[in-house]
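Here is how the chains run, residue by residue.
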Amino acid sequence: MTDDAPELRASDADRERVAEVLRDALAEGRLDMTEFEERLDATYKARTYGELAPITRDLPVGEVAAAPRVSMTKEPERAGGWAGRITGGEGSSTWAVAVMSGFQRKGRWTVPRRFNSFAFWGGGDIDLREADFAAGEVVINCVAIMGGVNVIVPPGVEVIVRGIGIMGGFDHREEGVPGDPGAPRVVVTGFAFWGGVGVERKVTRAERQRLKEERRQEKLERRAAQRELRSSDRDDVADAHRRMLDDHRDMVREHRDARREDRELRREDRELRREDRDRRRRGED
């Protein structure tokens, strides 16, 4: 199962498949609660296939037990768009239970046509953001008694909530949002007593990182445009200042030339008056 690549890093979906086998074994009485908790803790701490393999090695598979065989091989990349995520067939996990504990379904897994979950004095997360779907409409049945279940759906998925709450409730905030063409429909139903079932819409971590990078790039482009605009404004101000200085120099030069011409005219006038006085004197003599 993993002997050919024990050093290969395990994903969250790989750990969830092992955890599903352990939950089935607990329900069938093959493990007691202490053994289940120890193995579940080791499952979520495991980092490689070699660390995951021994956890379920003594649990029967195939016809001997209903627990599914855990595949540790990497699945091929899915086709793009919603059509590639509605695969048909059976789900990779059909139920989850949290009794004074918790459960998680997240990462790459196949949502069955009906998924049942139960939380008593505990909680669980059902994350559909990276999941495939066995059908175009899937039902997530949640029973929360003094506990809670949180259903996370990706953008583009239509959500319908039909659960009943007694001193508890179901989250209806994501209802009424139209789905993308070809996207699956998720029906959240069940019962909540002194507990709650939340429904929230989130993008995947990769999509969130992509959006963050886009916003960062847009911010850099805005800053570059602002710098260019400020540089252009500075050039315009400098040009206007130079033109103003040139105009001032021209005015000063014209004023100086006018004063020089005026002085020359007054000097010429004085010389003419002096010559006129001299001629009169000579005439009188």
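About the cut-offs
Residues numbered from 1 in each chain as written. Predicted model: local features only at pLDDT ≥ 70, side-chain atom pairs only at ≥ 80, totals over all residues. Heavy atoms only, no water. Helix = DSSP H or I, 4+ residues; strand = E, 2+ residues; numbered from the N terminus. Buried < 20%, exposed > 50% of the residue type's maximum accessible area, 1.4 Å probe, protein only. Contact = heavy atoms within 4.5 Å. Areas by Shrake-Rupley, 256 points an atom, 1.4 Å probe, with all protein chains shown as cover. Phe/Tyr/Trp six-rings, centres within 6.5 Å; stacked < 30°, edge-to-face > 60°. Core = buried A, V, L, I, M, F, W, Y, C linked by side-chain atoms within 4.5 Å. Salt bridge = Lys/Arg side-chain N within 4 Å of Asp/Glu carboxyl O. Expected span 1.5 Å × (residues − 1). Patch = residues over 30% accessible without salt bridge, like charges linked within 9 Å, V, L, I, M, F, W, Y side chains within 5 Å. Axes fitted to C-alpha atoms, helices over the stretch in contact; angles between N-to-C directions. Parallel < 35°, antiparallel > 145°, perpendicular 65-115°, else oblique. Nonpolar A, V, L, I, M, F, W, Y, C, P; charged D, E, K, R; others polar. Pairing = 2+ DSSP bridges.

(A) Structural detail: the overall build of the chain. When helices and strands are tallied, the chain shows 4 helices and 13 strands. When burial is assessed residue by residue, the chain has 33% of its 285 residues classed as buried. Pairs at least 24 residues apart make up 69% of the contacts formed inside the chain by residues separated by at least 6 positions. Element-wise, carbon and sulfur atoms account for 51% of the exposed surface of the chain, whose accessible area totals about 17,800 Å².

(B) The arrangement of the packing of aromatic side chains in detail. Within this structure, the stated rule accounts for 3 aromatic pairs. Judged by centre distance (5.8 Å) and plane angle (5°), the rings of F193 and W194 are stacked. Judged by relative accessible area, which is 28%, F193 ranks as partly exposed. On the accessibility criterion, W194 (49% relative accessible area) is partly exposed.

(C) A look at the nonpolar core. If you look at the biggest cluster of nonpolar residues, it comprises 29 residues, and the most contacted ones within it are I126, L128 and V188. Elements with a contribution of two residues or more to this core: β1 (95–99), β4 (114–120), β7 (137–145), β8 (148–153), β9 (158–161), β12 (185–193) and β13 (196–201). A per-element tally of this core places β7 first, with 4 residues. If we ignore the near neighbours within four places in the chain, the residues touching L128 are R85, W109, V111, F133, V151, I152, V153, P154 and V186. In terms of nonpolar packing, the next biggest core, distinct from the first, is built from 14 residues, A10, A19, A46 and L52 among them.

(D) Highlighting the pattern of salt bridges. Scanning the entire structure with this criterion turns up 13 salt bridges. Ionic pairing is found between D132 and R108, a salt bridge with its closest N-O pair at 3.4 Å. Taken together, the residues D132 in strand β6 (residues 132–133) and R108 in the loop between β2 (102–105) and β3 (110–111) connect sequence positions 24 residues apart. The class of D132 is buried, set by a relative accessible area of 6%. One salt bridge in this structure joins K202 and E200, with 3.8 Å as the shortest N-O distance. In this structure K202 comes out as partly exposed when scored by relative accessible area, which is 36%. Note on E200: relative accessible area 23%, which makes it partly exposed. Through salt bridges that share partners, E137, E158 and R185 make up one connected network.

(E) Expanded view of helix α1 (residues 12–27). Look at α1: 22 Å from first C-alpha to last across 16 residues, which is about the 22 Å you get at 1.5 Å a residue. The element α1 is extensively covered by neighbouring structure, given that 13 of its 16 residues are classed as buried. Count one or two residues on from α1 and you reach G29, which has phi positive near 85°.

(F) Representation of the environment of S117 in the model. Here S117 is to be found in strand β4. The spatial distance from the C-alpha of S117 to the C-alpha of V143 is 6.2 Å, given a sequence separation of 26 residues. Non-local contacts of S117, meaning those with residues more than four positions away in its chain, are made with A96, F103, I126, N141, C142, V143 and V149.

(G) Main features of a nonpolar patch on the surface. Residues I164, I166, M167, F191 and W194 make up a contiguous nonpolar surface patch of roughly 520 Å² in combined accessible area. We classify I164 as exposed; its relative accessible area is 52%.

(H) How the structure looks around the packing of α1 against helix α2 (residues 33–45). At their nearest, the axes of α1 and α2 sit 10 Å apart, and the two run at 175° to each other. Here α1 lies roughly antiparallel to α2, going by the angle between them. Within the contact between the two elements, α1 uses R15, E16, V18, A19, L22, R23 and L26 and α2 uses M33, F36, R39, L40, T43 and Y44. Counted by class, the contact of α1 with α2 contains 8 nonpolar, 1 polar and 4 charged residues.

(I) Region of the structure containing unusual backbone geometry. Unlike most non-glycine residues, M100 shows phi in positive territory, near 55°. On the secondary structure map, M100 appears in the loop between β1 and β2. Looking at M100, the relative accessible area reads 57%, which means it is exposed.

(J) Here's a closer look at the sheet that holds β13. Sheet architecture is open: 5 strands sit in the order β2-β5-β8-β13-β11, paired in parallel fashion. A single partner strand is all that each edge strand has here, and the edge strands are β2 and β11 (169–170). Two strands pair when backbone bridges link them, and β2 and strand β5 (residues 123–127) are joined in this way by 4 bridges, in the parallel orientation. Its bridge partner lying in β5, G102 is registered against G123.

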